[in-house]
Amino acid sequence: MSGTTVALMWEARAVAGRGAELLEWARARSAEPARRPLRRELLRAPQDRVLVITWWEGAYGDELPELPEPDAGLITRPVHRWRFESLGDCGAAGD
């Protein structure tokens, strides 16, 4: 491996009132890849938004498991996706 860490971010907004359903959908799908990420985190925000961040060992351009699009009836717009390459730990606040 290259020793580099890549973070994949996946964010979707559920149809009003279906945030819990979208969160469970994302939780189940993020646990499916045959290859396990170094770390996985699920977050939620107002307006029924769900964010999944996974960290992978590899280079920025490597092929990595991406979460799919949920059914169109569950989300209000297409999923937003971002990919970042880690530049290292900057330390915790107060360090």
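Computed from a predicted structure; not experimentally measured.

Undergrad: Hey, could you run me through the side chain of T54 in this one?
TA: By secondary structure assignment, the location of T54 is in strand β3 (residues 49–57). Taking the relative accessible area as the measure of exposure, T54 reaches 10% and is therefore buried. When near neighbours in sequence (up to four residues on either side) are disregarded, T54 contacts V6, A7, L8, P37, R39 and R40.

Undergrad: Looking at this model, I keep getting lost on the sheet that holds strand β1 (residues 5–13). Mind explaining?
TA: The strands making up a sheet associate through hydrogen bonds between their backbones, and the pairing can be parallel or antiparallel. Strands sit in the order β2-β3-β1-β4 across an open sheet of four strands; the sheet is antiparallel. Only two strands of the sheet have a single partner each, and these edge strands are β2 (39–45) and β4 (80–85). Ignoring strand direction, the axes of neighbouring strands in this sheet form an average angle of 15°.

Undergrad: Quick question: what am I supposed to make of unusual backbone geometry here?
TA: Excluding glycine, residues mostly carry a negative phi; peptide bonds, for their part, are mostly trans. Backbone geometry places Q47, a non-glycine residue, at a positive phi of 65°. Along the polypeptide, Q47 turns up in the loop between β2 and β3. Of note, the phi angle at D48 is positive, near 55°, even though the residue is not glycine. Its place among the elements puts D48 in the loop between β2 and β3.

Undergrad: Even after reading the chapter, I still don't get the environment of Y60, so can you show me in this structure?
TA: With respect to the helices and strands, the residue Y60 is situated in the loop between β3 and β4. Through-space distance from the C-alpha of Y60 to that of R27 is 24 Å; in sequence the pair is 33 residues apart. In contact with Y60, other than residues within four places in its own chain, are V6, R83, F84 and E85.

Undergrad: Just to check I follow, could you spell out the pairing of β2 for this structure?
TA: The side chains of a regular strand alternate, first on one face of the sheet and then on the other. Sheet analysis places β2 next to β3, joined by seven bridges and oriented antiparallel. Its bridge partner being in β3, L42 is matched across the sheet by V52. Hairpin connection, β2 to β3: the antiparallel pair is bridged by three residues, and Q47 has positive phi, about 65°.

Undergrad: What exactly am I supposed to notice about the pattern of salt bridges here?
TA: Where charged atoms from two side chains of opposite charge approach closely, those side chains can pair. Taken as a whole and judged by the stated rule, the model has seven salt bridges. Its salt-bridge partner being R77, residue E11 comes within 2.6 Å of it at the nearest N-O pair. Residue E11 is located in strand β1, and its partner R77 is located in the loop between β3 and β4; the two are separated by 66 residues in the primary sequence. Here the salt bridges share partners, and the residues they tie into one network are E66, E69, R81 and R83.

Definitions and cut-offs
- Residues numbered from 1 in each chain as written.
- Predicted model: local features only at pLDDT ≥ 70, side-chain atom pairs only at ≥ 80, totals over all residues.
- Heavy atoms only, no water.
- Helix = DSSP H or I, 4+ residues; strand = E, 2+ residues; numbered from the N terminus.
- Buried < 20%, exposed > 50% of the residue type's maximum accessible area, 1.4 Å probe, protein only.
- Contact = heavy atoms within 4.5 Å.
- Pairing = 2+ DSSP bridges.
- Axes fitted to C-alpha atoms, helices over the stretch in contact; angles between N-to-C directions.
- Salt bridge = Lys/Arg side-chain N within 4 Å of Asp/Glu carboxyl O.

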